[in-house]
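# Reading the structure
The chain contents come next:
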There are 2 protein chains.
Amino acid sequence: MMNIKRCKFNPIVTCKDVVPSSRDFEVIGAFNPGAALYKGEIVLAMRVAERFKDNNDGHIKIPVIDGQSAALKTVDLDKEDDRYDFSDSRVIKEKDSCCDFVYLTSMSHVRLARSTDGVNFKIEDKPFIFPENRYESFGIEDPRITEIDGSYFITYSSVSQYGIVTSLAVTSDFKDYKKLGNIFETENKDVVIFPEKINGRYFALNRPVSKSTGDPVIWISESYDLLHWGNHRILACTRKGHWDSEKIGAGIPPVKTDRGWLELYHGVDDQGHYSMGALLLDVNCPSRIIARSEKPLLDPRMDYETGGFFSNVVFPCGAVKKHEKLYIYYGISDNSIGLAAAALEDILSTLG
Amino acid sequence: MMNIKRCKFNPIVTCKDVVPSSRDFEVIGAFNPGAALYKGEIVLAMRVAERFKDNNDGHIKIPVIDGQSAALKTVDLDKEDDRYDFSDSRVIKEKDSCCDFVYLTSMSHVRLARSTDGVNFKIEDKPFIFPENRYESFGIEDPRITEIDGSYFITYSSVSQYGIVTSLAVTSDFKDYKKLGNIFETENKDVVIFPEKINGRYFALNRPVSKSTGDPVIWISESYDLLHWGNHRILACTRKGHWDSEKIGAGIPPVKTDRGWLELYHGVDDQGHYSMGALLLDVNCPSRIIARSEKPLLDPRMDYETGGFFSNVVFPCGAVKKHEKLYIYYGISDNSIGLAAAALEDILSTLG
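Thresholds applied
Residues numbered from 1 in each chain as written. Chains lettered and ligands numbered in written order. Predicted model: local features only at pLDDT ≥ 70, side-chain atom pairs only at ≥ 80, totals over all residues. Heavy atoms only, no water. UniProt positions renumbered as here; feature names shortened; annotations may be inferred. Helix = DSSP H or I, 4+ residues; strand = E, 2+ residues; numbered from the N terminus. Polar contact = N/O pair within 3.5 Å; in protein donor to acceptor, adjacent residues only side chain to side chain. Contact = heavy atoms within 4.5 Å. Least-squares fit on C-alpha atoms with pLDDT ≥ 70 in both. Buried < 20%, exposed > 50% of the residue type's maximum accessible area, 1.4 Å probe, protein only. Pairing = 2+ DSSP bridges. Buried area = accessible area lost by both parts, 1.4 Å probe.

For chain A, the name recorded in an unreviewed UniProt entry is Glycoside hydrolase family 130 protein, with Clostridium aromativorans as its organism. The annotation that UniProt attaches to chain A under Sequence similarities (unreviewed entry) is "Belongs to the glycosyl hydrolase 130 family."

Structural data, given as structure tokens:
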């Protein structure tokens, strides 16, 4: 096993550290953070999941955003309502349906946290990006940040009754931001943008999901303006019998190294465990894979990783490079945030 | 009911009219045709579905294209194999799976047919576009043609083990063509491109399908070059209790009229019947709906429409305008081709 070290203070952020966005809410998770270096600080754009506090009277109250007014509404469901299946703590399903959900039990937004040492974070009291339109009515999730020429582009999953799309926002100061619309249609998430043009084009990894057939796998797409994407191709597939046999999705925005683009991605095995591994992509032709982790670089094994809201999940979304070392911020079990660090050289050495 | 007239020679093309692409195949459908006017002729780009002839010994032979070599391969399944569900004549499913298919029983390609009168078609002996890559390994389906400045852009669904994407090809002479890659990722089909730029941008209607939640509905997307698409938004949703309650998808490429863009689309009701209705879209802002059919303009009611391989389907994919009359070519029950004609004015008059 390579020399990748979890921070001894893990989890470095938990839901207890986060002030709810409303007095009616409790925070049930602060996880899956995008990461950036900004003016000497490490900024995390965390996914903060909240639910209504008073849910103990045989009803469940679900927060949703009205797509027209952007106002917060409550959907009140009777737990005896036999149209619905309440057995999954994360979602409400329709009985006898193949759909994954009709509602989520919580709603997520994007919250910022800042640190000078990368370990101790000051978490903002208010949301940074909050859901507000019809594509975001069930929440916004799993932000990833890519800096391009001083602009920080943030991709995030917008979840609604219409499915899961990937939207784009941009900020230059982590105070204000501008939403730039939906860049990948339902159903697509885990979108990471490369930090520079390659042969005149931007590239993004993304993870479309097919209803009809096939495992969720990583695709690569191209753009001239970050807003319009095309030339969609499959980059990497699941590997039966491996740690990434069931689903894979991009994790951190690719990091340029001497040997190529390093992508840390998540893979799901046949036990439903989410681990982190690496792809090394040709520096001039990122649709070409040079190497891929035979074994995970990080898998759920610590107590704080094997428990949680949705257990056994290691889910990297952001990393910061400092002095040839990579500081990897990863979501832990849809609940909290972990930090793991390794020398870039050590990670690359695992890739043959 | 409006004055829309089916051709008395319907179905104007059936599978009996089509020469198989290989002596091992039988043609089981010629349907869902894109249509174009080219040098005074009406050209149909038909979906031709074929399967292996000898499938009666307890085995089923499935045609697939090898994604590497582009060679035709055979997958041979034992009908006693209890991993699979053979009950749907169109697809092979995995038992206890939510996926729609693991294989298709037939493979489709695009075949051309030409006519001077719009009714009697001469069908080419050879395929025009044949599946050849990993995205097309189960076949290519449901072409739509949009002429832009003398180039004919053909969108089609590419089907494979990786799902259903929409690919683009272009021809200027209906002899040679060039494939331009995948323009919409899995799962997305029923893509129709508007025939001109609007406010400097191209527009396309498309139909992403969500695995997680929501009905399949019509989205609208924008592009500067027809290859890269963005600003994805929902155009029209299903309407519970209506003829288009379960799914909707674009049919013909939009036709410019005095009152706006006329889109003939398909809707599926709670009986699974596919009918055709209209959307009228703002001529300068096609994401704005001006009017929508309360009732279908064409629904499956003739004997030849209520039977067939997959019965009760009226599925428009192409139309040609001549002398202010619209000649609509529609797929009949995944099997044959029908023609219906109406004055544009008559169609518009149904839209208030």
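Okay, back to it.
### Some points on the side chain of D299 of chain B
All names here are of chain B. Counting through the fold element by element, D299 comes out in the loop between β23 (289-292) and α1 (303-306). Polar contacts involving the side chain of D299 include one to the side chain of R301, which spans 2.8 Å. Dropping the residues within four chain positions of it, D299 is found in contact with R6, S275, E305 and V314.

### As for the relation of the copies chain A and chain B
The two copies are related by a screw motion: chain A maps onto chain B through a turn of 180° and a shift of 0.0 Å along the axis, at an RMSD of 0.0 Å. Taken together, the turn and the small shift mark the pair as related by a two-fold rotation axis. Mapped onto chain B, 100% of the interface residues of chain A again fall at the interface, so both copies present the same surface.

### Remarks on the pairing of strand β26 (residues 336-343) of chain B
Buried residues dominate β26 of chain B, accounting for seven of its eight residues. In this structure, the hairpin formed by strand β25 (residues 325-332) of chain B and β26 of chain B is closed by a connection of three residues, where S333 of chain B is found at a positive phi of approximately 50°.

### Quick look at the interface of chain A and chain B
In this complex, chain A contributes 43 residues to the contact, which on the side of chain B involves 43 residues. Roughly 3,600 Å² is buried in total at the junction of chain A and chain B, and carbon and sulfur atoms are behind 54% of that figure. Three residues stand out in chain A for area buried against chain B, namely E185, K211 and H228 of chain A, and they jointly supply 21% of the buried area on that side. Scanning the region where chain A abuts chain B turns up 26 residue pairs in polar contact (both at pLDDT 80 or more). When residues of the side of chain A that touches chain B are traced back to their parent elements, those giving at least two are β13 (163-171), β14 (178-184), β16 (202-208), β17 (218-223) and β18 (228-236) of chain A.

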